[in-house]
2 protein chains.
Amino acid sequence: MNGNGDRHDSTLVLLSGGLDSTVLATELVRRGAAVQAVSVHYGQRHAVELEAAAVVASRLGIPHDIIDLSVLRHHLRSALTGTGEIPHGHYAADTMSATVVPNRNAIMLMVACGVASARGLRVVATAVHSGDHPIYPDCRPEFIAAATLTAMLGTETVRVEAPYIRLTKAEIAAKGVQFDAPMELSWSCYEGGDSTGRHCGRCGTCVERAEAFHLAGVRDPTDYADTAFWREQVTV
Amino acid sequence: MNGNGDRHDSTLVLLSGGLDSTVLATELVRRGAAVQAVSVHYGQRHAVELEAAAVVASRLGIPHDIIDLSVLRHHLRSALTGTGEIPHGHYAADTMSATVVPNRNAIMLMVACGVASARGLRVVATAVHSGDHPIYPDCRPEFIAAATLTAMLGTETVRVEAPYIRLTKAEIAAKGVQFDAPMELSWSCYEGGDSTGRHCGRCGTCVERAEAFHLAGVRDPTDYADTAFWREQVTV
């Protein structure tokens, strides 16, 4: 973003279908950028967040493609992509480290930068935020700095931007209200939802999501199967 | 490599099936490293080099996996992955820039680093060399430096090594003799060979390969369909 808040370079946004990237894509669109979206199927067990991404992109009126790298499931084993139990509880707890997919963000960013280069786009935008830092090394500011250097040297034209890197998820939820993001269409639940299509309300990302709306003082549009669990996990 | 030429960290080598990575994998094995190999199918038009990689790995007695990311063919269009003509002539000529797959090396390296991390390996080795620099930005020393920084920050354990980064392809061919690499099993031809399975002898990588053996003063074990063409392209 430049000084007056507008963007001039065409942007490919990594749209997971989650809350953060839904808000980011919306903010970019509202600011008048030429935005395209891409989702990467990296072998996560549930496709529901990819479906959410398609719905969000449609609502925003931006092109959207899903790149199916689900074969990586066989090569990058973790709780998210294998058959292990998804840990319940607070997102920041040690148990969530079992959800780490090795180098996932680096892979997605470099693929997106290749796609952006092929399309003549100058920016890849990712919605990583400060809440990701304790668990995911490839969401930290120093990683993003290295990744954009790698992309610039590798493509000669494409840079990586992570405008939410210093924000909390609560601040992102507040931005979502500010920019009228279709947050109700976004998907966070690592469990893939219950049998009625609701967020479970118990997995780490459900707890993190509910907490973010609470801390932001924003109405949570999410339909949780378990509406009470998250409050027991939140310590602030 | 440390001072005495031995390696202590287990290494995942990116084995394309070409000459350079065949020699690198061999050198690592001969030096006593614990080596595994991985090939990435990124959507190249011909699978023959992947078959060569499997044969080379078998000869060296190292584990080998192919990661099929050929879906990227649809997203990263270039002459190598599309239906355009492969340019003939010298590898270093401007026409070869049509063979650039945007950010290919970054994608392959980050995938390999994820695989290495999942397997507890500390090093990803790539056989990029100085002859790649003029055409492929993601084969240059500064790119490799950025990529290893990105990998270290993204995985916390895996680094990228490119021990041939300052070597010419001729120097690699000489190393191949020194370490008794099965160079005759490697594959370079971008055309996928002629109907009898021979290297065409006319595409950029065939010319580069023949030139390298010539400059190294090493017998070329390759069976070219056109044995004369490359000499007309070589200016040194």
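Rules used in this analysis
- Residues numbered from 1 in each chain as written.
- Chains lettered and ligands numbered in written order.
- Predicted model: local features only at pLDDT ≥ 70, side-chain atom pairs only at ≥ 80, totals over all residues.
- Heavy atoms only, no water.
- Core = buried A, V, L, I, M, F, W, Y, C linked by side-chain atoms within 4.5 Å.
- Buried < 20%, exposed > 50% of the residue type's maximum accessible area, 1.4 Å probe, protein only.
- Contact = heavy atoms within 4.5 Å.
- Phe/Tyr/Trp six-rings, centres within 6.5 Å; stacked < 30°, edge-to-face > 60°.
- Lys NZ or Arg CZ within 6 Å of the ring centre and 35° of its normal.
- UniProt positions renumbered as here; feature names shortened; annotations may be inferred.
- Helix = DSSP H or I, 4+ residues; strand = E, 2+ residues; numbered from the N terminus.
- Salt bridge = Lys/Arg side-chain N within 4 Å of Asp/Glu carboxyl O.
- Least-squares fit on C-alpha atoms with pLDDT ≥ 70 in both.
- Pairing = 2+ DSSP bridges.
- Axes fitted to C-alpha atoms, helices over the stretch in contact; angles between N-to-C directions.
- Polar contact = N/O pair within 3.5 Å; in protein donor to acceptor, adjacent residues only side chain to side chain.
- Parallel < 35°, antiparallel > 145°, perpendicular 65-115°, else oblique.
- Left-handed = near helix turned anticlockwise from the far one by under 90°.
- Nonpolar A, V, L, I, M, F, W, Y, C, P; charged D, E, K, R; others polar.
- Buried area = accessible area lost by both parts, 1.4 Å probe.
- Expected span 1.5 Å × (residues − 1).

Draft legend 1. Local environment of the nonpolar core. In this structure, Leu109 and Val124 of chain A together with Leu109 and Val124 of chain B are the most contacted members of the largest nonpolar core, which totals 94 residues. When near neighbours in sequence (up to four residues on either side) are disregarded, leucine 109 of chain A contacts Leu14, Val124, Thr126, Phe143, Ile144, Ala147 and Val160 of chain A.

Draft legend 2. Layout of the packing of aromatic side chains. Per the counting criterion, the structure on display carries 0 aromatic pairs over all chains. Sitting over the ring of tyrosine 136 of chain A, arginine 104 of chain A keeps its end group 5.6 Å from the ring centre. Arginine 202 of chain B extends its terminal NZ or CZ atom over the ring of phenylalanine 229 of chain B, reaching a point 4.0 Å from the ring centre.

Draft legend 3. Representation of the UniProt feature "binding site: Zn(2+)" (unreviewed entry) in chain A in the model. Residue and element names in this part refer to chain A. In the numbering adopted here, UniProt assigns the feature "binding site: Zn(2+)" (unreviewed entry) to Cys189, Cys200, Cys203 and Cys206. The named residues occupy 18 residues along the chain; their greatest pairwise C-alpha distance, 6.9 Å, places them in one compact cluster. For cysteine 189, the position within the fold is in the loop between helix 5 (169-178) and helix 6 (204-216). Beyond its immediate stretch of four places on either side in the chain, cysteine 189 contacts His199, Cys200, Cys203, Thr205 and Cys206. With respect to the helices and strands, the residue cysteine 200 is situated in the loop between helix 5 and helix 6. Beyond its immediate chain neighbours, meaning those up to four positions away, cysteine 200 contacts Cys189, Glu191, Cys206, Ala225 and Asp226.

Draft legend 4. Just the pattern of salt bridges, in detail. Residues and elements named next belong to chain A. Under the definition given, this model contains 18 salt bridges over all chains. Lysine 169 is the salt-bridge partner of aspartate 20, the closest N and O atoms lying 2.9 Å from each other. Placement of the pair is aspartate 20 in helix 1 (residues 19-30) and lysine 169 in helix 5, with a sequence separation of 149 residues. Among the charged side chains, a network of salt bridges with common partners joins Asp20, Lys169 and Glu208.

Draft legend 5. Local environment of the relation of the copies chain A and chain B. Of the transformation placing chain A onto chain B, the axial shift is 0.0 Å and the rotation is 180°, giving an RMSD of 0.0 Å. Taken together, the rotation angle and the small translation identify this as a two-fold axis. A shared interface surface links the copies, since 100% of the contact residues of chain A are contact residues in chain B too.

Draft legend 6. Representation of the sheet that holds strand 1 (residues 11-14) of chain A in the model. Residue and element names in this part refer to chain A. Reading across from one edge, 3-2-1-4-5 is the order of the 5 strands in this open sheet, with parallel pairing throughout. Both outer strands of the open sheet, strand 3 (64-68) and strand 5 (159-161), are each paired with one neighbouring strand and no more. Pairs of neighbouring strands in the sheet enclose a mean axial angle of 30°, with direction left out of account. In this fold helix 3 (residues 104-119) packs onto strand 1, strand 2 (35-41), strand 3, strand 4 (123-125) and strand 5, with an angle of close to 155° to the strand it touches most, strand 1.

Draft legend 7. Quick look at the UniProt feature "binding site: ATP" (unreviewed entry) in chain A. Residues and elements named next belong to chain A. The positions that UniProt labels "binding site: ATP" (unreviewed entry) are, in the present scheme, Leu15, Ser16, Gly17, Gly18, Leu19, Asp20, Ser21, Thr22, Val23, Leu24 and Ala25. Looking at where serine 16 falls in the secondary structure, it is placed in the loop between strand 1 and helix 1. You can call serine 16 partly exposed: its relative accessible area is 34%. Serine 16 has contacts with Ser21, Glu49, Leu50 and Ala53, leaving out every residue within four places of it along the chain. A polar contact is formed between the side chain of serine 16 and the backbone nitrogen of glycine 18, at a distance of 3.0 Å.

Draft legend 8. The arrangement of the packing of helix 1 of chain A against helix 5 of chain A in detail. Residues and elements named next belong to chain A. The N-to-C vectors of helix 1 and helix 5 enclose an angle of 45°; their axes lie 9 Å apart at closest approach. By the angle between their directions, the pair helix 1 and helix 5 is classed as oblique. The way helix 1 lies across helix 5 gives a crossing that is left-handed. Each of Leu19, Asp20, Val23 and Glu27 in helix 1 lies in contact with helix 5, whose residues at this interface are Lys169, Ile172, Lys175 and Gly176. Residue composition of the contact of helix 1 with helix 5, by class: 3 nonpolar, 1 polar and 4 charged.

Draft legend 9. Just the interface of chain A and chain B, in detail. Contacts between the two partners involve 33 residues from chain A, matched on the other side by 33 residues from chain B. Overall, the association of chain A and chain B removes approximately 2600 Å² of surface from exposure, summing both partners, and the carbon and sulfur fraction of that is 72%. Sorting the residues of chain A by area buried against chain B places His75, Asn103 and Leu153 of chain A first, and these three jointly supply 21% of that buried surface. Inspection of the region where chain A meets chain B yields 2 salt bridges. Between glutamate 156 of chain A and arginine 140 of chain B there is a salt bridge, with the nearest N and O atoms lying 3.1 Å from each other.

Draft legend 10. Inspection of helix 1 of chain A at higher detail. Residues and elements named next belong to chain A. Its 12 residues give helix 1 an end-to-end C-alpha distance of 16 Å, which sits within 8% of 16 Å, the value for a rise of 1.5 Å per residue. Burial runs high along helix 1: 10 of the 12 residues are buried. Those residues of helix 1 not exposed but buried are Leu19, Asp20, Ser21, Thr22, Val23, Leu24, Ala25, Thr26, Glu27 and Leu28. In this fold, the buried residues of helix 1 make contact with strand 1, strand 2, helix 2 (48-60), strand 4, helix 5 and helix 6. Trailing helix 1 by a residue or two, glycine 32 shows a phi angle of about 90°, which is positive.

Draft legend 11. Inspection of the packing of helix 5 (residues 169-178) of chain B against helix 6 (residues 204-216) of chain B at higher detail. Residues and elements named next belong to chain B. Where helix 5 contacts helix 6, the two axes come as close as 8 Å, and the packing angle between them is 65°. Comparing their axes, helix 6 and helix 5 come out roughly perpendicular. For the pair helix 5 and helix 6, the crossing hand works out as right-handed. Counting all contacts with helix 5, which are made through Lys169, Ala170, Ala173 and Ala174, the residues of helix 6 involved are Glu208, Arg209, Ala212, Phe213, Leu215 and Ala216.

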